[in-house]
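Chain by chain, the residues run as shown.
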Amino acid sequence: QVQLVESGGGVVQTGDSLRLSCAASEHFLSSYAMGWFRQAPGKERDFVAAIGWIGSNTYYADSVKGRFIISRDNAKNTVYLQMNSLKPDDTAVYYCAASRSEWPQLSGAGYYAYWGQGTQVTVSS
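A short tour of the structure in this document, coming up. (Residues numbered from 1 in each chain as written. Predicted model: local features only at pLDDT ≥ 70, side-chain atom pairs only at ≥ 80, totals over all residues. Heavy atoms only, no water.)

### Quick look at the nonpolar core
Point 1. Leu4, Met34, Trp36, Leu81, Met83 and Tyr94 are the most contacted members of the largest nonpolar core, which totals 38 residues.
Point 2. Setting aside residues no more than four positions away along its own chain, tyrosine 94 makes contact with Glu6, Leu20, Trp36, Phe37, Arg38, Val48, Phe68, Leu81, Met83, Gly118, Thr119 and Val121. (Core = buried A, V, L, I, M, F, W, Y, C linked by side-chain atoms within 4.5 Å. Buried < 20%, exposed > 50% of the residue type's maximum accessible area, 1.4 Å probe, protein only. Contact = heavy atoms within 4.5 Å.)

Pasting the structure below:
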């Protein structure tokens, strides 16, 4: 069974940076588009960023555009989310997920077949 494992979360201060990683258990990531979502307490799971299976196309939520960068290394079976200029509003559990869909469906959580367990990101003011 395919597993996605996120890492890199933590507690940081406003303005700091973090890089999240999402590693797959098998060499399958190259066949999937990948996305990052986040969920804050009491809120829905929101789209953050997505990247096509080749990696040339990237998509971002307006709230993170210009601050976050999604990338992938298919040889390492890993997807990354570089988060810069972090704000308290970025505090959430961050999830990576794999999808066979294309944009704009990649902005919808329902179009993803595989999910990681999540990693907590806390940004203090």
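The discussion continues.
### Section: the side chain of serine 21
Point 1. Relative to the helices and strands, serine 21 is located in strand S3 (residues 18–24).
Point 2. Once residues lying within four places of it in the same chain are set aside, the contact partners of serine 21 are Val5, Glu6, Ser7, Trp36, Thr78, Val79 and Tyr80. (Helix = DSSP H or I, 4+ residues; strand = E, 2+ residues; numbered from the N terminus.)

### Re the sheet that holds strand S7 (residues 68–73)
Point 1. Read from one edge of the open sheet, 4 strands run S1-S3-S8-S7, paired in antiparallel fashion. Only two strands of the sheet have a single partner each, and these edge strands are strand S1 (4–7) and S7. If you compare each strand with its neighbour and ignore which way they point, the axes differ by 15° on average. (Pairing = 2+ DSSP bridges. Axes fitted to C-alpha atoms, helices over the stretch in contact; angles between N-to-C directions.)

### What to know about unusual backbone geometry
Point 1. With an omega of 10°, the peptide bond between tryptophan 103 and proline 104 qualifies as cis.
Point 2. As for its position among the elements, proline 104 is in the loop between strand S9 (92–99) and strand S10 (114–115).
Point 3. Located in the positive-phi region is asparagine 77, a residue other than glycine, with phi close to 55°.
Point 4. In this fold, asparagine 77 is placed in the loop between S7 and strand S8 (78–83).
Point 5. The residue serine 85 is not glycine, and still its phi comes out positive at about 50°.

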